[in-house]
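# Topology and contacts: notes
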Amino acid sequence: MPCEVRAHDRHVHVWREAVKILLADNDPEHLEKLAELVEKLGHQPETVRKGPRAADLLRGGDVDLAVLDWAMPDLDAADLLKDAGEERGLSPYTIILTAEDSSEDVVGALDSGADDFIARPVDPDELRARINVGVRTVRLEGELRKLNDRLAVMARTDSMTGLLNHTAILKELDAELKRASRKNTPTSVLLFDLDRFKQVNDTWGHQAGDQVLKRFALLIDEESRSYDKTGRYGGEEFLLVLPETGPGECATIAERIRAHVERMDLTEVEDELHLTTSVGGSTCDGTDIDVTRLISLADGGLYRAKEEGRNRVCIEEAED
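Residues numbered from 1 in each chain as written. Predicted model: local features only at pLDDT ≥ 70, side-chain atom pairs only at ≥ 80, totals over all residues. Heavy atoms only, no water.

### Some words on the packing of aromatic side chains
Throughout the structure, instances matching the rule amount to 2 aromatic pairs. Between Phe192 and Phe216, the ring centres sit 5.9 Å apart and the planes meet at 70°, which makes this aromatic pair edge-to-face. Here Phe192 is found in strand E6 (residues 187-194), whereas its partner Phe216 is found in helix H8 (residues 206-223), with 24 residues between them in sequence. Note on Phe192: relative accessible area 0%, which makes it buried. Exposure remark for Phe216: the relative accessible area of 0% places this residue in the buried category. One aromatic cluster is present, formed by Phe192, Phe216 and Phe238 through successive ring pairs. Between Arg130 and the ring centre of Phe117, over which it is positioned, the NZ or CZ distance is 5.6 Å. (Phe/Tyr/Trp six-rings, centres within 6.5 Å; stacked < 30°, edge-to-face > 60°. Helix = DSSP H or I, 4+ residues; strand = E, 2+ residues; numbered from the N terminus. Buried < 20%, exposed > 50% of the residue type's maximum accessible area, 1.4 Å probe, protein only. Lys NZ or Arg CZ within 6 Å of the ring centre and 35° of its normal.)

If you want it as structure tokens, here you go:
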């Protein structure tokens, strides 16, 4: 929860968001002083005097930063740091409290995954500075993870519609076909094409065309099941991957979406704008079939739907 703290000295800078800091020390007096310092810095101390409790908090990922007494009798800090890193992939930023002039402890702590150390007796200004470094590091790592997450989403997402992009939807289909082959379950795909979409752009402009694409993408996403995958295949074509779905259910889903598109109210885009879609579908029974073959069958069904007058559904079934 955000915590607002005004600066009272040169070490604390204007408003900042609190982080949760684990303080593990079996000496209650030392622990109290550490907690006071952390609170003055505007952060949330989590104090523990027992090694097992410290281990639980570290392994559970419940803290952002940890200050650990390297010599706690019931805590093997070296193994704990290694385990936390292995289990979570990234252990909290850790500052180790060591005995004075104990270079052996320092080397052991850093080799085990600790990020920093401070020797006893602890100088408050030095510990304050090291905690501030740790907090900055934690925040930067958090921002980097968020950025990487956003980039990963952007790499898979069509920027206009928010659906999976061409590459991502085909990867999902490939993964689903492999799963279906192992489980011997059917898989279907539906390929949608907006009828006479060029006329929308030519008559009402590309901004209206973009709005139509967004509305259509929202519709098929809402009409699909939670485990289906929807993606923009390209231009005005959209692909819907239907796991564990045979030809009958595939046709039912396609017809339901086609009918919803035909009734879709687009007056907010343009008063006289009306939209229909042609749908080609294909299904396989769980035997080995690759993405290209299944898409080709759906594309053949789509071509037939357009040849037969548009605004209709044609399903093809893969032969063994």
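### What to know about unusual backbone geometry
A cis amide bond, omega -5°, links Arg120 with the succeeding residue Pro121. You can see Pro121 is positioned in the loop between strand E5 (116-119) and helix H5 (124-156). Phi at Asn184 takes a positive value of approximately 55°, unusual for a residue other than glycine. Mapping Asn184 onto the fold places it in the loop between helix H6 (166-183) and E6. For Asn184, a relative accessible area of 55% gives the class exposed.

### What about the pattern of salt bridges?
Tallied over the entire structure, the rule returns 23 salt bridges. Here Arg225 and Glu249 are joined by a salt bridge, their closest N and O atoms 2.9 Å apart. Of this pair, Arg225 sits in the loop between H8 and strand E7 (229-234) while Glu249 sits in helix H9 (residues 247-263), and the two are 24 residues apart along the sequence. By relative accessible area, Arg225 is classed as buried at 18%. Accessibility expressed as a relative area gives 39% for Glu249, which makes it partly exposed. (Salt bridge = Lys/Arg side-chain N within 4 Å of Asp/Glu carboxyl O.)

### Here we look at H8
Think of an α-helix as turning once every 3.6 residues; residues three or four places apart then point the same way. An ideal rise of 1.5 Å per residue puts 26 Å on 18 residues; H8 measures up with 26 Å between its terminal C-alpha atoms. Looking at the buried positions of H8, the neighbouring elements they touch are E6, helix H7 (197-204), E7, strand E8 (237-243), H9 and strand E9 (277-284). (Expected span 1.5 Å × (residues − 1). Contact = heavy atoms within 4.5 Å.)

### Considering the sheet that holds strand E3 (residues 65-69)
Read from one edge to the other, the open sheet built from 5 strands follows the order E2-E1-E3-E4-E5, with strand pairing classed as parallel. Two strands bound the open sheet, and with one partner strand each, they are strand E2 (44-48) and E5. Put simply, the sheet's adjacent strands are angled 20° from each other on average, direction ignored. Lying on the sheet, helix H2 (residues 51-60) is in contact with strand E1 (20-24), E2 and E3; it crosses E2 at an angle near 140°. Of the strands in this sheet, E1, E3, strand E4 (93-98) and E5 are in contact with H5, which crosses E4 at around 160°. (Pairing = 2+ DSSP bridges. Axes fitted to C-alpha atoms, helices over the stretch in contact; angles between N-to-C directions.)

### Side note on the environment of Val38
Here Val38 lies in helix H1 (residues 28-40). C-alpha of Val38 to C-alpha of Leu164: the two residues are 126 residues apart in sequence and 45 Å apart in space. Among all residues touching Val38, those that are not within four sequence positions of it are Ile21, Leu23, His43, Gln44, Pro45 and Ile131.

### Considering the layout of surface pockets
Of the voids in this model, the second largest pocket is the one considered here, and its volume is about 300 Å³. For the second largest pocket, the full set of lining residues is His30, Lys33, Leu34, Glu36, Leu37, Lys40, Arg120, Pro121, Val122, Pro124, Leu127 and Arg128. Contributing elements (two or more residues each) for the lining of the second largest pocket: H1 and H5. Counting residues per element, the lining of the second largest pocket draws most heavily on H1, which supplies 6 residues. Of the residues that constitute the lining of the second largest pocket, the class distribution is 6 nonpolar, 1 polar and 5 charged. (1 Å grid on protein atoms, 1.4 Å probe; cavity = no way out; pocket = protein on both sides within 12 Å on 5 of 7 lines; lining within 4 Å. Points joined across faces, edges and corners; volume = space filled by probe spheres on them. Nonpolar A, V, L, I, M, F, W, Y, C, P; charged D, E, K, R; others polar.)

### Some remarks on the pairing of E3
Of all 5 residues that make up E3, 5 are buried, and the element is covered over most of its length. Summarising the sheet, E1 and E3 pair through 4 bridges and their orientation is parallel. Residue pairing for E3: Leu22 is matched across the bridge by Ala66. With 5 bridges joining them, E3 and E4 adopt parallel strand pairing.

Just distances and angles here, no functional claims.
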